[in-house]
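Working through the structure, step by step
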Amino acid sequence: MGPVGIASAGTAQRRKRWLKVHLYLGFSAGALLVLIGLTGSLLVFHLEVDEWLNPQLLLVTAPQEGSAAYRPVDELTAAAMKSMPPGSRLTFGQYPRHDGVAYRWNVLVPPSPEANRPMDFEMHHVFVDPYRAEVLGSRLVRPAGLGGAVPRTFIGFVFALHYALLLPRMGDPPFGDTVVAVIGLLLTVSLLTGVYLWWPKSGAWIAALTIKRGAHVRRLNFDLHKTAGVYFSIVLFALFVSGVYLNLRAPFHAVVRWFSPTVDRYELRSHTPGGRPPITLGQAIDVVMSRYPEGRMEWLYLPKNPTGTYAICQRDVPDISLVLSRRCVVVDQYSGEILHVQSPDRATVGEHFIQWQWPMHSGQIFGLTGRWIVFASGLICPLLFGTGWYLWWRKGRQRRDG
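Reference entry: report on the structure contained in this document. Just so it is clear, the structure is predicted and the values come from calculations on it, not from any experiment. (Residues numbered from 1 in each chain as written. Predicted model: local features only at pLDDT ≥ 70, side-chain atom pairs only at ≥ 80, totals over all residues. Heavy atoms only, no water.)

In this section: a nonpolar patch on the surface. Nonpolar side chains collect at one region of the surface, where F27, W389 and W392 lie side by side and expose about 310 Å² of accessible area between them. Within the secondary structure, W389 sits in helix α13 (residues 367-400). We classify W389 as partly exposed; its relative accessible area is 38%. (Patch = residues over 30% accessible without salt bridge, like charges linked within 9 Å, V, L, I, M, F, W, Y side chains within 5 Å. Areas by Shrake-Rupley, 256 points an atom, 1.4 Å probe, with all protein chains shown as cover. Salt bridge = Lys/Arg side-chain N within 4 Å of Asp/Glu carboxyl O. Helix = DSSP H or I, 4+ residues; strand = E, 2+ residues; numbered from the N terminus. Buried < 20%, exposed > 50% of the residue type's maximum accessible area, 1.4 Å probe, protein only.)

Spelled out as structure tokens, the structure:
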């Protein structure tokens, strides 16, 4: 056999090995990809869906002045906490995405004395009218203990399926999150092997990128599998990688730091109080807005312990990046000092890469168009699994029939 024949045989063997890898990964993680993909499509519009399902909790009548008529934030948090049992802790606020929506506050509620796991807290959502500082209602989202793996709200249930497959989210990193992150890594390898197997070696690009008309059902499934995978490969790759980041944030930062410095705002700590009481959320927001008044507030993170920090995140910030428009400012909970600004206009290469992850995963990086692309990508997942399964089944049937 000449050099060309040896090279061809070697290429065929490599393709055969990678085909097995693609097949095994497809069956080991592909079924879960269907679940993760479909839930991800729904979560692209989770705020809109939640408002549609729970208008009595989320929708308010806005005056003509809009957000300019909002009551002070500390008045809103006081109303939320007054409706909760003693010992409850406020951990997070969702700023209204438009003027007709209520504030959503995440509140940890201590369990009843007879609870089996007295150290666990329940998670509740409390909704407050931003114009009248009136509590519209509350709902139990996550029960205490292992029951917290299955949230009590529809959107919470879908989130738990998507991020943790309803597995317990205990430990550091959480067990369920770790499992889904590993699946994301396997799917990334599966995607890359699929692109390798698809790549036309003879330059037949038109055949590689199109679906043959009037073809046999097996050829139709083959063409659907390859074209859907290739056309959505970049989006799926971004979704898999960003999914790993969202579930394993600290290890992801550690890997990125091999190439470029990053600051994980969740690791920042407030300085020793020195006898000073903590500032309020409203005061933290005032600190941020006095320095950075541009954009609309979105996420409000509160300190979870005596060394924790405030993080005030804004969206639609103008003139900070051609694509990214989110800024998060970390504030010391005692001094009100700004400890860090997470913003694309002052980021290292590594930090810029990190800041792309959530907008890419949610599709928000390209506005409504990006969200629809991510929505469609989730629907492609069952198509890839179904056509792949059919091709495997058909090949096995042909082998058995001789």
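Per the counting criterion, the structure on display carries one cavity of 30 Å³ or more. Along the walls of the largest cavity sit V263, H340, V341, Q342, E351, I354 and Q355, which together make up its complete lining. Only β8 (338-342) and α12 (349-362) provide two or more residues apiece to the lining of the largest cavity. Partitioned by chemical class, the residues of the lining of the largest cavity number three nonpolar, three polar and one charged. (1 Å grid on protein atoms, 1.4 Å probe; cavity = no way out; pocket = protein on both sides within 12 Å on 5 of 7 lines; lining within 4 Å. Points joined across faces, edges and corners; volume = space filled by probe spheres on them. Nonpolar A, V, L, I, M, F, W, Y, C, P; charged D, E, K, R; others polar.)

This next bit is on the packing of helix α9 (residues 233-247) against α12. A packed helix pair is summarised by two numbers, namely the angle formed by the two axes and the spacing between the axes. Packing of α9 against α12 brings their axes to within 9 Å, and their N-to-C directions diverge by 110 degrees. Considering the angle they form, α9 stands roughly perpendicular to α12. Regarding α9 and α12, the two cross each other, and that crossing is left-handed. Here A238, L239, V241, S242, G243, Y245 and L246 of α9 lie close against α12, whose contacting residues are F353, I354, Q357, W358, M360 and H361. Tallied by class, the residues present in the contact of α9 with α12 amount to nine nonpolar, four polar and no charged. (Axes fitted to C-alpha atoms, helices over the stretch in contact; angles between N-to-C directions. Parallel < 35°, antiparallel > 145°, perpendicular 65-115°, else oblique. Left-handed = near helix turned anticlockwise from the far one by under 90°. Contact = heavy atoms within 4.5 Å.)

The next subject is the side chain of T262. Checked against the element boundaries, T262 lands in the loop between α10 (249-256) and α11 (281-291). Side chain to side chain, T262 and H253 meet in a polar contact 2.8 Å long. Here the side chain of T262 touches R257 through a polar contact of 2.9 Å, side chain to side chain. (Polar contact = N/O pair within 3.5 Å; in protein donor to acceptor, adjacent residues only side chain to side chain.)

Another point: helix α5 (residues 154-164). In terms of burial, α5 is a largely internal element, eight of the eleven residues being buried. For α5, the complete set of buried residues consists of I155, G156, V158, A160, L161, H162, Y163 and A164. Put simply, T153 is the residue that caps the front of α5, since its side-chain oxygen is 3.0 Å from the backbone nitrogen of G156.

One pass over the structure, following the stated rule, counts 14 salt bridges. Note that E48 is salt-bridged to R97, the shortest N-O span being 3.7 Å. One end of the pair, E48, is in helix α2 (residues 46-53); the other, R97, is in the loop between β1 (89-94) and β2 (103-109), with 49 residues separating them in the sequence. R97 gets classed as partly exposed once you look at its relative accessible area, which sits at 28%. For the salt bridge of E51 with R97, the shortest nitrogen-to-oxygen distance reads 2.7 Å. Remark: R97 occurs in the loop between β1 and β2 and E51 occurs in helix α2; sequence separation between them is 46 residues. Taken together, the shared-partner salt bridges connect E48, E51, R97 and R371 into one network.

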